[in-house]
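So you can see what is in the structure, the chains are spelled out below.
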Amino acid sequence: METTRKYRLNTMATEIIMIIVALLFLVPFYFLFVNSVKTFGDLLTDSAGLPTTLEWSNYSRAWDITNFPKAFWNSLVVTVASNLLLAMLSAMTAYQMVRRNTRFNQIMFALFVAAMVIPFQSIMIPLVKVTATLGINNSLYGLIICYLGFGVPLSVFLFHGFVKSIPLEIEEAATVDGSSGYGVFFRVVFPLMKPMFVTVIILNTLWIWNDYLLPSLILQSAELRTIPIATFAFFGQYTKQWDLALPALVLGIMPVIIFFLAMQKYIIEGITQGAVKG
């Protein structure tokens, strides 16, 4: 009886702590949403309080100034294309590295892991020069190529651990049945990689959709601006239009929040299975 009571008290304490932590994480969202419908004066004088009047016109003005449909389309194209290429190429690369454990593949995997710790700031200037030389700067496909280069190491690392958890006997049975190497991968292995596939897409989507630095280096044309770059237009050297920037931020994060909430159940499953050692 005493043990049961202690267990209930510990469970209750844990739940209370989790609720408090969750509320702390939600505080920034409170400030974002509440201040997005305030006037500029109310926002400056009482940023923590509830709005006296709801200024929904802030959203329509931010929509027009940022040309949100165009910025949304640019972000969507870059995110979807980068994600599909990253996930597919990384999955195939990791599969070959695991199943053909040669010395060369071991060295390549070590290089992929080492590339994960290289600071982006240290290669910004060379990156700009390379993209200008290749003629892929100021273009969405050039930005997609850059995301491939920076995103492959982590994606390969995650897929590499996941492939080790797939029984080799399944592939051998498919080979005996007459399936080719590509058939084994796409018909047998690839469906089993769905949890990690979704995990990689979620993680890369959160990174690519919210990224500001890389698009600001590659894209110069106003027609090619992604949502983070379009939102930055409200921040000048002498003025900061918070009453318009906050609605623009809400419009920009809503799609990725909806996507994350819909797909988050696959994250733990994918990472957990990918942690299995071979």
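Okay, so let's go over this structure. (Residues numbered from 1 in each chain as written. Predicted model: local features only at pLDDT ≥ 70, side-chain atom pairs only at ≥ 80, totals over all residues. Heavy atoms only, no water.)

On to the packing of aromatic side chains. This structure, assessed with the given rule, holds 14 aromatic pairs. A ring pair is formed by Phe72 and Trp209, whose centres lie 5.7 Å apart and whose planes are at 75°; its orientation type is edge-to-face. With Phe72 in helix H4 (residues 68-99) and Trp209 in helix H10 (residues 194-210), this pair connects stretches of sequence that are 137 residues apart. Trp209 gets classed as buried once you look at its relative accessible area, which sits at 6%. Between the aromatic rings of Tyr95 and Phe185, the centroid separation amounts to 5.2 Å while the plane-to-plane angle is 55°, which identifies the pairing as tilted. With Tyr95 in helix H4 and Phe185 in helix H9 (residues 181-192), this pair connects stretches of sequence that are 90 residues apart. This pair shows no difference in class: Tyr95 is buried, exactly as Phe185 is. Joined through ring pairs, the aromatic side chains of Tyr95, Phe185, Phe186, Phe190 and Phe197 make up one cluster. (Phe/Tyr/Trp six-rings, centres within 6.5 Å; stacked < 30°, edge-to-face > 60°. Helix = DSSP H or I, 4+ residues; strand = E, 2+ residues; numbered from the N terminus. Buried < 20%, exposed > 50% of the residue type's maximum accessible area, 1.4 Å probe, protein only.)

Relative to the assigned elements, Asp243 resides in helix H13 (residues 242-263). Buried within the structure, Asp243 lacks any salt-bridge partner; its nearest side chain of opposite charge belongs to Arg61, at an N-O separation of 4.1 Å. Those residues within four positions of Asp243 in sequence are excluded, and the remaining contacts are Ser36, Lys38, Phe40, Leu43, Asn58 and Arg61. (Lys, Arg positive; Asp, Glu negative; His and termini not counted. Salt bridge = Lys/Arg side-chain N within 4 Å of Asp/Glu carboxyl O. Contact = heavy atoms within 4.5 Å.)

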